[in-house]
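Coordinate analysis (summary)
Each chain, letter by letter, is given below.
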Amino acid sequence: MTMPEIPQNPSRRGFLGGGLRGAFLFLLGAASTLLGRNTQKEKTVWQLDPYKCIQCTRCATECVLEVSAVKCVQAYPICGYCKLCTGYFDPQPVSLNTAAENQLCPVGAIKRKALEDPYYEYTIDEPVCIGCAKCVKGCVLFGNGSFFLQVRHDRCLNCNDCSIARGCPAQAFKRVPASQPYLLKDREHQA
Amino acid sequence: MPAIPNNSPGPAATVRPVSPSEPNLWPQSAQKAAWIALAFCLVVLALLVTNYVQSLRSDPLTSPELATLKAELVKNPLDDNLKKSIRLRDLEMRRQLTRHQELGERGGWLLLGGMAFFVLAIKYGYYKKKLARPDKRPIVAVNQAREIRHAMASVGILTALAAGGGWVVSSQSETKIVAPIVVAKAAEKSATAPAAQPEPAKPAAVAAPTTPYPTADEIAKNWPRFRGPGGIANAAYTNFPFTWNVEKGENIAWKTPITTPGANSAVVWDNTVFITGANAKKREVSAYELTSGKILWQKTVETGAPAGTEPPNVMEDSGGFAPSTAVTDGRRVYAIFVTGDLAAFDLQGNPVWTRYLGRPDNSYGHASSLDFYQDRLIVLFDQGDGKGDKSKLLALETATGKTAWESKPRPVPNSWATPITIKVGKRDLIVACGNPWVMAYDAISGSEVWRAKALYGEVTPSPIYSAGLVLAVMDGENLSAIKPDGEGDVTKTQVAWKAEEGLPDITSPVADGEYVYLITSSGALTAYTLATGKKAYSQELELSFKSSPSIVGDRLLLIDEKGVAIWVQTGPKFKELGRCALGEEILASPAFLDGRMVLRGKSNLICVGKN
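Below you will find a few notes about this structure. Bear in mind that the values here come from a model prediction, so they are computed numbers and not experimental data.

Examining the overall build of chain A
Each helix and strand in chain A was counted, giving five helices and six strands. Ordered by position in the sequence, the α and β elements of chain A form the string α-β-α-β-β-β-α-β-α-β-α. Residues classed as buried in chain A amount to 40% of the 191 residues present.

Structure (structure tokens):
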């Protein structure tokens, strides 16, 4: 029977060396964590740049959703509140009322409300809008350009394989930070 | 089956023996249910595909039919039939589109539910671990019956689910799209209207009233003033037709040409309808028989203006030379004209008195209508620019035309609203509007009781009194609801609420006790809750209005300038009930009688009622 070997106290050199190795590993881990955090990309979503959009109507048909996730929106500070709104009325309206033959929107998604003669307010009924951009085209051509298209993120699937982006002839679709998911028109840019 | 003896000392416990002849039948039922679910899914899938294919054909974005119709309309912009076709096709396509979308969405959920059921059933029915059953015996008839019951229950549940889903789809597929406003085509002038002046009818013998002024009951049964009893345009009768056809004469009791122009409204007492008319040279008061429309009498009012008096300022748009509505107390009929001439006739057309109030200093012509309180005729005579103490409120003795009292000069310029008489506690007040004051006067003495600064500009809408609130409105300021029991300047103390959307500049408000409705000249209809002033809704009608709105039962009646009558459901939400054309320009407000509605058009006096 042999006696168990009594462990010897660590030497001073060994203790310092072990401490340094531990500190090095700790710093390496911390540095890796910080580096990883800084290099992590922010989540992005698809959006349509209104200044690149050429109103080709494909947003209405290319989206995988049956009613497109792209909707027309109204920039009220830019709107001229025109009585003869070229985004609302057909290019050759018979009369300036809400009868179907005078409306440009194929689904009647723009609501017209008289404010004070001759000013009218135009509002988009988004659930009805199909994103065809006919109104956008009319408004951009002859009006202030206050109507424009945007991907509505309450409808968009964010599938990262946007079929509209693939079909967009103007390359107007791009990834934007999820924290700032809309690309809005503003008066300064319009001016 | 042998009974199991109970040998335990405690309470008797029954033990159900496990019978080898009662196998678990749910797996077999699940197998059948799985196949039924699969069939259900296939049916839904087929319907979804069909729906999708059909939806492609009803895509309004690419509809060649609609594009062709619109192109034709450009070539023929006056083709009303083409417009009608476009509107119908547009509405139909949008309905179809919405229906397809809803069907697709609900079909997707049904398919998902069916698939989930199928997977669960197939898992339970087929893919269950089978244990060895050494004592497996053939299934006896009783178990077959149980299996059949289970299968039938499963089929029943599935059928009920499918039927329920189908009902949901069909019940919600009704479109919610509102048809675009179809501006009613003004009807052609009725060919049945007599071209020549009809022979005067003999007035029916009516017992002469013995009291100097009518009771409240008598007033309520008639339409004695502008906007009826109290000036609130609430019809006491709803027993007349709400639809009519002027061209065919359906539900048009009569239609009589008007000889002298005017924008005033008809007033009615018993069987006599009164209107006034005037041009630059003459002024007339006319009486028609309510039952037949025949002229009873027509009397000229000579002017009391001294020779060389400058003619009054008149704008045809503001009603011409006879914009003020006459008033009748069942004893006499009283009329006022833009010249400042006031006249009273008895109901047989005999002149009683005339009075000249002086040439009104009014920008567009004096247009405030008359009112009466007991045996006094109330005349609001606002003039000038608010300086020089020209404006006043007068009470004349109805029998003689003499002044009973005259208010202190009103601090307002010329106005065009009509005063109303209201009862507050035991006191009767006359409420008159001008810029900027709504003022209440004691009806007995003419002394001012209270005033509220609530108006602006050229005040034309008349005030109304409803649910204990005086409602005064003018475009550019507010709709103000004033509690009428104050004294002095009540601007800061008695104004219950104010609203500033949809304010009219010509038409007067109307209230049904719960909501107050405003219609602007450009066709914006706005409703406010009377108690709180909270907006209930706002609806753009895209029509022009000068005739003030009325309440008929639970309906709101709006009549646009082209003569299109629009019936709207009263209440917190806008709901149009229908439209009917009167066939000519209408500026006046209607009068409602027992079984009849009388309207003054530009050319005819029209009575809606059973022929």
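Now that the structure is up, let's keep going.
Description of the interface of chain A and chain B
Of the residues lining the interface, 22 residues belong to chain A; the matching set on chain B comes to 23 residues. Where chain A abuts chain B, roughly 2000 Å² becomes buried across the two surfaces, and 57% of that area is made up of carbon and sulfur atoms. At the junction of chain A and chain B, the tally comes to four salt bridges. Between Arg87 of chain B and Glu101 of chain A there is a salt bridge whose closest N-O contact spans 2.7 Å. Joining chain A to chain B, the criterion identifies five residue pairs in polar contact (both at pLDDT 80 or more).

Observations regarding the pairing of strand β17 (residues 448-453) of chain B
Residue and element names in this part refer to chain B. Examined bridge by bridge, strand β16 (residues 437-442) and β17 share five bridges and lie antiparallel to one another. Paired with Met439 across the two strands is Arg451, which belongs to β17. Counted between consecutive antiparallel strands, the loop separating β16 from β17 contains five residues, among which Gly446 sits at a positive phi close to 85 degrees. In terms of strand pairing, β17 meets strand β21 (residues 488-489) through two bridges, oriented parallel. Residue Arg451 lies in a different strand from β21, and its bridge partner there is Asp489.

Regarding the sheet that holds strand β7 (residues 332-336) of chain B
All names here are of chain B. Read from one edge to the other, the open sheet built from four strands follows the order β6-β7-β8-β9, with strand pairing classed as antiparallel. Of all strands in the sheet, those bounded by a partner on one side alone are β6 (327-328) and β9 (351-356). In this sheet, β7 lies alongside β6 in antiparallel orientation, the contact comprising two bridges. Among the inter-strand pairings, Val327 is bridged to a residue of β7, identified as Tyr334.

Considering the pattern of salt bridges
Residue and element names in this part refer to chain B. Under the definition given, this model contains 28 salt bridges over all chains. With its nearest N and O atoms 3.6 Å apart, the salt bridge here joins Arg331 to Glu218. Within this pair, whereas Arg331 is found in the loop between β6 and β7, its partner Glu218 is found in helix α5 (residues 216-221), the two being separated by 113 residues in sequence. The class of Glu218 is partly exposed, set by a relative accessible area of 26%.

As for the packing of aromatic side chains
All names here are of chain B. Inspection of the entire model under this criterion finds twelve aromatic pairs over all chains. A ring pair is formed by Tyr334 and Trp353, whose centres lie 6.1 Å apart and whose planes are at 40 degrees; its orientation type is tilted. You can see Tyr334 sitting in strand β7 and its partner Trp353 sitting in strand β9, a full 19 residues away along the chain. Owing to a relative accessible area of 0%, Tyr334 belongs among the buried residues under this scheme. Taking the centre distance of 5.3 Å and the plane angle of 35 degrees together, the rings of Tyr364 and Trp416 count as tilted. Of this pair, Tyr364 sits in the loop between β9 and β10 (371-373) while Trp416 is found in the loop between β13 (403-406) and β14 (420-424), placing the two residues 52 residues apart along the sequence. The partly exposed category is assigned to Tyr364, whose relative accessible area is 25%. Ring pairing ties together the aromatic residues Trp223, Phe240, Phe242, Trp567 and Phe592, which thus form one cluster. The aromatic ring of Trp567 is capped on one face by Arg555, whose charged end is 5.7 Å from the ring centroid.

So, the side chain of Thr260 of chain B
Residues and elements named next belong to chain B. Mapped onto the secondary structure, Thr260 falls in the loop between β1 (252-257) and β2 (267-269). Among the residues examined, Thr260 registers a relative accessible area of 5% and is labelled buried. Looking at Thr260, its side chain comes within polar contact range of the side chain of Thr259, at 3.5 Å. Residues within four places of Thr260 in sequence aside, it is in contact with Gly277, Ala278, Asn279, Lys282, Glu284 and Arg600.

Quick look at the nonpolar core
Within the largest apolar cluster, 41 residues are counted, with the highest numbers of intra-cluster contacts made by Phe147, Leu149 and Phe173 of chain A. Going through the elements one at a time, β1 (44-48), α2 (58-62), β2 (70-74), β3 (110-116), β4 (119-124), α3 (134-142), β5 (147-151) and α4 (163-167) of chain A are the ones with two or more residues in this core. For Phe173 of chain A, the contacting residues outside a window of four places in its chain are Trp46, Gln47, Leu48, Cys59, Val70, Val151, Cys162, Ile164, Ala165 and Cys168 of chain A. Core analysis: the second largest hydrophobic core is formed by 33 residues, Trp244, Ala266, Ile586 and Ile606 of chain B among them.

A few points about the sheet that holds β21 of chain B
Residues and elements named next belong to chain B. Pairing is mixed in the open sheet, where five strands are placed in the order β14-β15-β16-β17-β21. Only two strands of the sheet have a single partner each, and these edge strands are β14 and β21. Sheet topology note: the strand β15 (residues 427-433)/β16 ladder contains five bridges and is antiparallel. When the bridges of β16 are listed, Cys433 appears paired with Val438.

Concerning helix α3 (residues 80-125) of chain B
Compared with an ideal rise of 1.5 Å per residue, which puts 46 residues at 68 Å, α3 of chain B spans 65 Å between its outermost C-alpha atoms and is within 8% of the ideal. Of the residues flanking the start of α3 of chain B, the one acting as N-cap is Asp79 of chain B, its side-chain oxygen 3.1 Å from the backbone nitrogen of Asn81 of chain B.

Looking at a nonpolar patch on the surface
On the surface, Leu42, Leu45, Val49, Tyr52, Val53 and Leu56 of chain B cluster together into a nonpolar patch covering about 570 Å² of accessible area. Following the sequence through the fold, Leu56 of chain B ends up in helix α1 (residues 26-57).

Section: the packing of α1 of chain B against α3 of chain B
Residues and elements named next belong to chain B. At their nearest, the axes of α1 and α3 sit 8 Å apart, and the two run at 160 degrees to each other. Taken together, the axes of α1 and α3 are roughly antiparallel relative to one another. In this structure, α1 meets α3 at a crossing whose hand is left-handed. Each residue belonging to the contact of α1 with α3 can be placed in one class, and the counts come to 21 nonpolar, ten polar and no charged.

So, how was this worked out
Residues numbered from 1 in each chain as written. Chains lettered and ligands numbered in written order. Predicted model: local features only at pLDDT ≥ 70, side-chain atom pairs only at ≥ 80, totals over all residues. Heavy atoms only, no water. Helix = DSSP H or I, 4+ residues; strand = E, 2+ residues; numbered from the N terminus. Buried < 20%, exposed > 50% of the residue type's maximum accessible area, 1.4 Å probe, protein only. Contact = heavy atoms within 4.5 Å. Buried area = accessible area lost by both parts, 1.4 Å probe. Salt bridge = Lys/Arg side-chain N within 4 Å of Asp/Glu carboxyl O. Polar contact = N/O pair within 3.5 Å; in protein donor to acceptor, adjacent residues only side chain to side chain. Pairing = 2+ DSSP bridges. Phe/Tyr/Trp six-rings, centres within 6.5 Å; stacked < 30°, edge-to-face > 60°. Lys NZ or Arg CZ within 6 Å of the ring centre and 35° of its normal. Core = buried A, V, L, I, M, F, W, Y, C linked by side-chain atoms within 4.5 Å. Expected span 1.5 Å × (residues − 1). Patch = residues over 30% accessible without salt bridge, like charges linked within 9 Å, V, L, I, M, F, W, Y side chains within 5 Å. Areas by Shrake-Rupley, 256 points an atom, 1.4 Å probe, with all protein chains shown as cover. Axes fitted to C-alpha atoms, helices over the stretch in contact; angles between N-to-C directions. Parallel < 35°, antiparallel > 145°, perpendicular 65-115°, else oblique. Left-handed = near helix turned anticlockwise from the far one by under 90°. Nonpolar A, V, L, I, M, F, W, Y, C, P; charged D, E, K, R; others polar.

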